[in-house]
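# Understanding the architecture of this molecule
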Amino acid sequence: MRFLFKTDYEDDIKLFPHSGYVVTYGILIALLLIAPYVLSSYLMSQLVFVCIYATVGVALLILTGFTGQASLGHAAFLAIGAYTAAYLQKYNVPFPVYFLAAGALTGVIGALVGFPALRLTGIYLVIATISFALIVEEVLARWESVTNGNEGMRVKTLSLLGVTVPRDSPAFYYLCLAVLVLTIIGTLNLLRSPTGRAFVAIRDSETAARSMGVNVALYKVKSFAISAAITGLAGVLFAHKLSFISPEMFTLQLSIEFIIVILIGGAFSLHGAVLGAIFIVMIDPFLTYLKDDMPGIIAGITATFGASPATAGNVQSKVAAFASLNGLKGAIYGIIIVLFVLFEPLGLYGRWLKIKLFFQLFPLYKRATFKRQKIYVKSERNR
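Residues numbered from 1 in each chain as written. Predicted model: local features only at pLDDT ≥ 70, side-chain atom pairs only at ≥ 80, totals over all residues. Heavy atoms only, no water.

The condition that has to hold: UniProt positions are given in the numbering used here, feature names are shortened, and annotations may be inferred rather than shown by experiment.
As recorded in an unreviewed UniProt entry, the protein goes by Branched-chain amino acid ABC transporter permease and comes from Bradyrhizobium zhanjiangense. Here the protein is described in UniProt, under the heading Subcellular location (unreviewed entry), as follows: "Cell membrane".

Here's what the structure looks like:
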């Protein structure tokens, strides 16, 4: 067991609490750097989406997890970043310029959304962000002179410093990984700063934050702007990865996926954003497996237990029909949300902390160790 004795304020705000973190993250980064040379192109493509979703997850954590402001409109911010990149590409604007421009524009729009949302909390703020997402989706479909409407827009291959970076190349993966790592480091430093501590104070209690002199309105708008800006940067990478964008790609379901990312991973941990992104990206491969391979496997098991070929074929057709049902993905999302809210509000990272603490304190571990955090999450509406 490792005991950390903090003797001054600098110890409390260290980026890495002890040398073990440096070693662990160093090994992780090394594994991620060699991934393109040992994994298939399909898995690399999934890793790119994990990086993009995790970046959006970190952005949403700043707003929801650390400031306590709910949002179901981040698909709209992702769309604004993606369309900004696609539009500026038509005028041969270099990648660094439109990448930063997309972040800046999305950040400004996020701040504008934050102002009218100052008087809203809870479900009313969620409704407001949903309305914003629907408005953006409708604007993208109707503003044909800029967005090409429902026909969508082609996104050219990324060119960085005169070098073409195809969407399936290791270079593009490294770019997405670099953006994610810089986003995480930047967010960690933000949370260690007075601004980040003000965010957390607002999340815990707005009344207490005001009594300590925190300008709640200003910091709420800052949180919206920072979160939206990071999401806009991810939108640029998202557009380049897909090479084609259209309004129906940025629906409410995508915003729900982002919420599930932080819900599954853990609403108060940057590690959770990455874990949640991995989980959510693997849903589509799972559905493909369920549709293409599972019916045959279940039919084979049925035949093994003595079922006739006709019965086995009937079972296979029924399983295939179930796996092809419309809305199955949404049903899976709903089940995941309910299970995590009921049984693990702290997400996958919270479960990992419990497992780690169990082995650290064994045999003195008590099940009530995390009871306070659980009660806080469940009763948050009463604060």
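### Some thoughts on the overall build of the protein
For the record, the criterion: Labels follow the DSSP assignment, with helices taken as runs of H or I lasting at least four residues and strands as runs of E lasting at least two, numbered in each case from the N terminus. The globule rule used here is 2.2 Å times the number of residues to the 0.38 power, and the radius of gyration it is set against is calculated over C-alpha atoms. Remark: exposure states derive from per-residue accessible area (1.4 Å probe, protein chains only) relative to the maximum for the residue type, with buried under 20%, exposed over 50%, and partly exposed in between. A contact between two residues is defined here by any heavy atoms of the two lying within 4.5 Å. Per-residue and other accessible areas were derived by the Shrake-Rupley procedure at a 1.4 Å probe size, with only the shown protein chains allowed to occlude residues. In this tally Asp and Glu are treated as negative and Lys and Arg as positive; neither His nor the chain ends contributes. Each charge is placed at NZ for Lys, CZ for Arg, CG for Asp and CD for Glu.
Helix and strand counts for the protein come out as 19 helices and four strands. The C-alpha atoms of the protein give 23 Å as radius of gyration, which agrees with the globular expectation for 383 residues (21 Å, within 12%). Across its three principal directions, the C-alpha atoms of the protein cover 75 × 65 × 45 Å. Across the 383 residues in the protein, those meeting the buried criterion constitute 43%. Taking as baseline every contact in the protein between residues at least 6 positions apart, the subset at least 24 positions apart corresponds to 76%. Just so you have it, the protein exposes about 20200 Å², and 68% of that area is on carbon and sulfur atoms. Looking at the protein, you have 30 positive and 18 negative side-chain charges, and the mean spots of the two groups are 8 Å apart.

### Some details on the pattern of salt bridges
Put simply, the rule reads: One side-chain nitrogen of Lys or Arg within 4 Å of one carboxyl oxygen of Asp or Glu is enough to make a salt bridge.
Across all of its chains, the model carries five salt bridges by this definition. With a closest N to O distance of 3.6 Å, Glu-206 and Arg-210 form a salt bridge. In this pair, Glu-206 and Arg-210 both sit in helix α10 (residues 206-211), four residues apart, roughly one turn of the helix. Between Lys-220 and Glu-206 there is a salt bridge, with the nearest N and O atoms lying 2.8 Å from each other. One end of the pair, Lys-220, is in helix α11 (residues 216-242); the other, Glu-206, is in helix α10, with 14 residues separating them in the sequence. Overall, the relative accessible area of 4% leaves Lys-220 in the buried class.

### A look at unusual backbone geometry
A positive phi angle is found at Asn-148, which is not glycine, with a value near 65°. Tracing the backbone shows Asn-148 in the loop between α7 (144-147) and β1 (153-154).

### Examining the packing of aromatic side chains
Which entries qualify depends on this criterion: The rule is short: rings of Phe, Tyr and Trp, with Trp giving its six-membered ring, pair when the centres are within 6.5 Å, and they are stacked under 30 degrees, edge-to-face over 60, tilted in between.
In total, this model carries nine aromatic pairs according to the counting rule given. Judged by centre distance (5.4 Å) and plane angle (50°), the ring pair of Tyr-173 and Tyr-174 falls under tilted. Look at Tyr-174 and you get partly exposed, because its relative accessible area is 25%. Both rings, one in Phe-199 and one in Tyr-219, keep their centres 6.2 Å apart while their planes meet at 85°; by these two values the pair is edge-to-face. A residue pair is termed long-range when its members are at least 10 positions apart, and Phe-199 in helix α9 (residues 194-204) and Tyr-219 in helix α11 qualify at 20 residues. Ring pairing ties together the aromatic residues Tyr-83, Phe-238 and Phe-250, which thus form one cluster.

### Observations concerning the environment of Leu-290
Tracing the sequence through the fold places Leu-290 in helix α14 (residues 283-292). The sequence separation of Leu-290 and Ala-320 amounts to 30 residues, and the corresponding C-alpha distance is 8.1 Å. Beyond its immediate sequence surroundings of up to four residues, Leu-290 is in contact with Pro-295, Ala-323 and Leu-328.

### Describing helix α15 (residues 294-304)
Our working definition: Working note: the arc is built from the helix axis to C-beta atom directions.
Those residues of α15 that fall on the buried side of the exposure criterion are Met-294, Pro-295 and Ala-299. Here the buried residues of α15 occupy an arc of 130° about the axis, which is enough to place them on one side. The elements touched by buried residues of α15 are α14 and α16 (309-323). One or two residues past the end of α15 sits Gly-306, with phi positive at roughly 100°.

### Some details on the packing of helix α4 (residues 74-89) against α11
Note the threshold: Each axis is a line fitted through C-alpha atoms, and for a helix only the stretch in contact is used; angles between axes span 0 to 180 degrees, taken between their N-to-C directions. Throughout this description, any angle smaller than 35 degrees is read as roughly parallel, any larger than 145 degrees as roughly antiparallel, any in the 65 to 115 degree range as roughly perpendicular, and the remainder as oblique. The crossing is said to be left-handed when, going from far helix to near helix, the turn is anticlockwise and less than a right angle, and right-handed when the turn is clockwise.
As a packed pair, α4 and α11 sit with axes 7 Å apart at the nearest point and diverge in direction by 55°. With respect to α11, the axis of α4 lies oblique. Where α4 crosses over α11, the two elements pack in a sense that is right-handed. Of the residues in α11, those in contact with His-74, Phe-77, Leu-78, Gly-81, Ala-82, Ala-85 and Gln-89 of α4 are Ser-227, Ala-228, Thr-231, Gly-232, Ala-234, Gly-235, Val-236, Phe-238, Ala-239 and His-240.

### Things to note about the nonpolar core
Rule in force here: Residues grouped as a nonpolar core are buried Ala, Val, Leu, Ile, Met, Phe, Trp, Tyr and Cys residues, joined through side-chain atoms within 4.5 Å.
Ranked by internal contacts, the top residues of the largest apolar core, which has 80 residues, are Tyr-53, Leu-78, Ile-245, Phe-250 and Ile-280. Not counting residues within four places of it along the chain, the set of residues in contact with Leu-78 comprises Val-56, Thr-231, Ala-234, Gly-235, Phe-238, Phe-250, Leu-254 and Phe-258.

### Observations regarding the environment of Leu-33
Summarising the element assignment, Leu-33 is placed in helix α2 (residues 19-38). Note on Leu-33: relative accessible area 39%, which makes it partly exposed. Counting along the chain gives 66 residues from Leu-33 to Phe-99, while the straight-line C-alpha distance between them is 23 Å.

### What about the state of the cysteines?
Disulfide: a covalent bond formed between the sulfur atoms of two cysteine residues. Stated precisely, the cut-off is as follows: We call a pair of cysteine sulfur atoms a disulfide when they lie within 2.5 Å.
Applying the stated criterion across every chain yields a total of zero disulfides. Left unpaired, Cys-51 is separated from the closest cysteine sulfur, that of Cys-176, by 6.1 Å. For Cys-51, a relative accessible area of 4% puts it in the buried group.

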